[in-house]
Amino acid sequence: MKKIGWILALSAALIAGCGEHKSEAKKIESSASEQAKSTGSTAAVPPQKSEGSTGKALRAIGSKTSRSTLRLSAFYRVFKDGADIDPRGKPMLLVFGQPQDPYTQKLQQDVAKNAELAAALEKDVTPIYIDATSNKRHKFFHNGEAMDVDTKTLVSIYHIDATPTLIFTDEKGKTIFSIPSYLPPKKFEPVLRFIHEGLWRGKNRENGEVEEALKAYFKAHGIAIGGKK
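Section: the overall build of the chain
- Each helix and strand counted, the chain has eight helices and ten strands in total.
- Looking at the chain residue by residue over its 229 residues, the buried ones come to 41%.
- For the chain, the exposed area adds up to about 11,900 Å²; of that, 53% sits on carbon and sulfur atoms.

Laid out in structure tokens, this is it:
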């Protein structure tokens, strides 16, 4: 994938001025084990004064874990596992994320809670999630050819250096454009409609024509690219 300044400029414009939705993409850790070490993956219960307060703390941790499990379950009902990266006859959306990245988690929450966004993802694209810190094998279909690659190779192919990163491709797996940041639903859904309506077709993907068409689409539908609206 050829990385161009237009893509970065567009993604910055799409999320600029969104308050709590500002882009804070998390740099990819060198390995999942290092990430767990740096973030502390084991929940620790502080010393309690009584058995009763300890029980409350444990129940709170259990409740939080349960909510997280439910959220991921709903997310994975929409997003396919990255074992088979195949457009399946539709444009494809690859989301590279990290388990401990708060903006990856926010994207997962959006999909789990927003029925319209989930429905648009399932209808308009083939959505696939890839844990950028994992060490898995992937059957990677690109331009009609199947390759067997590991996660590190995929991260290199798509020049992923922060998460979440969203890669939109055509039906053959060729990149249309990428957005290296979290995208709130009010902008995520219009991007999906832009892809579904095929307004990127016939546009040069390397000189900014696709990004210009997307900006024009936002403007035509009264969607603010920057600012707090």
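Regarding the environment of Phe141
- Looking at the element boundaries, Phe141 is found in strand β6 (residues 137–142).
- Accessibility expressed as a relative area gives 25% for Phe141, which makes it partly exposed.
- C-alpha separation for the pair Phe141 and Asp86, spaced 55 residues apart in sequence, amounts to 5.3 Å.
- Non-local contacts of Phe141, meaning those with residues more than four positions away in its chain, are made with Ile85, Asp86, Pro87, Ala146 and Lys172.

Digging into the confidence of the model for the chain
- The predicted model of the chain has a mean per-residue pLDDT of 79, with 70% of residues at 70 or higher.
- With pLDDT under 50 throughout, residues 1–9 is counted as low confidence; its partners more than four residues away or in other chains account for 22 contacts.

Structural notes on helix α5 (residues 115–124)
- Inspection of α5 places Leu117, Ala118, Ala120, Leu121 and Asp124 among the buried residues, and these make up the whole buried set. Along the axis of α5, the buried positions cluster into a sector of 165 degrees, meaning they face one direction only. Turned more than 90 degrees from where α5 packs its buried face, Ala115, Glu116 and Lys123 sit exposed.
- Its side-chain oxygen placed 3.1 Å from the backbone nitrogen of Glu116, Asn114 serves as the N-cap of α5.

Examining helix α4 (residues 102–113)
- Over its twelve residues, α4 runs 16 Å from end to end, which matches the ideal 16 Å to within 8%, given 1.5 Å per residue.
- Of the positions making up α4, those classed as buried are Tyr103, Thr104, Leu107, Gln108, Asp110 and Val111. Seen from one end, α4 has its buried residues packed into an arc of 155 degrees, which puts them on one side.
- Capping of α4 at its N-terminal end is provided by Asp101; its side-chain oxygen lies 3.1 Å from the backbone amide nitrogen of Tyr103.

Things to note about the sheet that holds strand β5 (residues 126–131)
- Overall, mixed pairing links the five strands, which are arranged β2-β5-β4-β9-β10 in an open sheet. Only two strands of the sheet have a single partner each, and these edge strands are β2 (80–81) and β10 (175–179).
- Strand direction decides the pairing type here: β2 and β5, joined by two bridges, are parallel. Its bridge partner being in β5, Lys80 is matched across the sheet by Ile128.

Considering the packing of α4 against α5
- As a packed pair, α4 and α5 sit with axes 5 Å apart at the nearest point and diverge in direction by 95 degrees. Relative to α5, α4 is oriented roughly perpendicular. Along the contact surface, α4 presents Asp110, Val111 and Lys113, while α5 presents Ala115, Leu117, Ala118 and Leu121.

Looking at the pairing of strand β7 (residues 145–150)
- In this sheet, β7 lies alongside β6 in antiparallel orientation, the contact comprising six bridges. For Lys139, the partnering residue across the bridge sits in β7 and is Asp148.
- Hairpin connection of β6 to β7: two residues between the antiparallel strands, including Asn143 at a positive phi of 55 degrees.

About the cut-offs
- Residues numbered from 1 in each chain as written.
- Predicted model: local features only at pLDDT ≥ 70, side-chain atom pairs only at ≥ 80, totals over all residues.
- Heavy atoms only, no water.
- Helix = DSSP H or I, 4+ residues; strand = E, 2+ residues; numbered from the N terminus.
- Buried < 20%, exposed > 50% of the residue type's maximum accessible area, 1.4 Å probe, protein only.
- Areas by Shrake-Rupley, 256 points an atom, 1.4 Å probe, with all protein chains shown as cover.
- Contact = heavy atoms within 4.5 Å.
- pLDDT = per-residue confidence, 0-100.
- Arc of directions from axis to C-beta.
- Polar contact = N/O pair within 3.5 Å; in protein donor to acceptor, adjacent residues only side chain to side chain.
- Expected span 1.5 Å × (residues − 1).
- Pairing = 2+ DSSP bridges.
- Axes fitted to C-alpha atoms, helices over the stretch in contact; angles between N-to-C directions.
- Parallel < 35°, antiparallel > 145°, perpendicular 65-115°, else oblique.

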